[in-house]
Amino acid sequence: MRGYLKGILIGAGVFFVLLGLIFLLASFTPDFQLSILVIAVILFLIAGGFIGSVIYVEKRESARPVNIQQKVEIKATDLVGGDTRAQEMKCNGCGAPLSSKDIRITDLGVLVSCPYCGKAYVMEEAPKW
Ligand SMILES: [Zn+2]
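The structure presented is a predicted model; accordingly, all values stated were derived computationally and were not measured. (Residues numbered from 1 in each chain as written. Predicted model: local features only at pLDDT ≥ 70, side-chain atom pairs only at ≥ 80, totals over all residues. Heavy atoms only, no water.)

Participant: Even after reading the chapter, I still don't get a nonpolar patch on the surface, so can you show me in this structure?
Facilitator: Residues Phe 28, Phe 32, Leu 34, Val 38, Ile 42 and Ile 46 make up a contiguous nonpolar surface patch of about 560 Å² in total accessible area. It is helix H2 (residues 34-63) that contributes the most residues to the nonpolar patch, four residues altogether. When you line up the elements, Ile 46 lands in helix H2. Residue classification places Ile 46 among the partly exposed residues on the basis of a relative accessible area of 33%. (Patch = residues over 30% accessible without salt bridge, like charges linked within 9 Å, V, L, I, M, F, W, Y side chains within 5 Å. Areas by Shrake-Rupley, 256 points an atom, 1.4 Å probe, with all protein chains shown as cover. Salt bridge = Lys/Arg side-chain N within 4 Å of Asp/Glu carboxyl O. Helix = DSSP H or I, 4+ residues; strand = E, 2+ residues; numbered from the N terminus. Buried < 20%, exposed > 50% of the residue type's maximum accessible area, 1.4 Å probe, protein only.)

Participant: What is the right way to look at helix H1 (residues 3-28) in this model?
Facilitator: What sets the pattern is the α-helix's 3.6 residues per turn: residues three or four places apart point alike. The terminal C-alpha atoms of H1 lie 38 Å apart, and with 26 residues this matches the ideal 38 Å at 1.5 Å per residue to within 8%. Listed as buried for H1 are Leu 9, Ala 12, Gly 13, Phe 16, Gly 20 and Ser 27. (Expected span 1.5 Å × (residues − 1).)

Participant: Explain the coordination of the zinc ion to me, please; I cannot follow it from the model alone.
Facilitator: When a metal holds four donors in a tetrahedron, each ideal angle between them is 109.5 degrees; when it holds six in an octahedron, the ideal angles are 90 or 180 degrees. Around the zinc ion, the donor atoms from the protein are Cys 91 (SG), Cys 94 (SG), Cys 114 (SG) and Cys 117 (SG), and they sit 2.2 to 2.4 Å away. Around the zinc ion sit four donor atoms; with metal-centred angles ranging over 106 to 112 degrees, the donor geometry is tetrahedral. Mapped onto the sequence, the residues coordinating the zinc ion show the spacing C-x2-C-x19-C-x2-C. A residue pair is termed long-range when its members are at least 10 positions apart, and Cys 91 in the loop between helix H4 (84-87) and strand E1 (103-105) and Cys 114 in the loop between strand E2 (110-113) and strand E3 (120-123) qualify at 23 residues. Exposure remark for Cys 91: the relative accessible area of 4% places this residue in the buried category. (Donors = N, O, S within 2.8 Å, 3.2 Å for Na, K, Ca; no water. Tetrahedral: all angles 85-135°; square planar, octahedral: opposite > 155°, others 65-115°.)

Participant: Help me out: how do you make sense of the pattern of salt bridges in this one?
Facilitator: Under the defined criterion, the tally for this structure stands at one salt bridge. Between Glu 58 and Lys 6 there is a salt bridge, with its nearest N and O atoms 3.4 Å apart. Placement of Glu 58 in helix H2 and of Lys 6 in helix H1 is noted, with a sequence separation of 52 residues between them.

In structure tokens form, the structure reads like this:
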């Protein structure tokens, strides 16, 4: 529950409790008057409604597990720790940049088929250091 909403509800509850007390005292002075006592009881019930709703929502919210969303973004550079340009694959025939769709992993190794020059070859794993 939001802080300001809770404050309003509790404030209203306290207001009705105080108002109810005034009516309760008024019903006995100077003479007992049932109609004023009834008003006092109604005011207490309204106050109870406000405060009760706060307690109800607070209980429900605390019972619900808090869902903490955490977004973790790992860049390729974080894992490799080097220059990303070095990891960029290029066709060894024409030097065109290759995307993942131009590369297939087969039994022979990494098969590259260049969409620019049409060259198809098995890529030799270049050392990363
Ligand atoms: Zn090529």
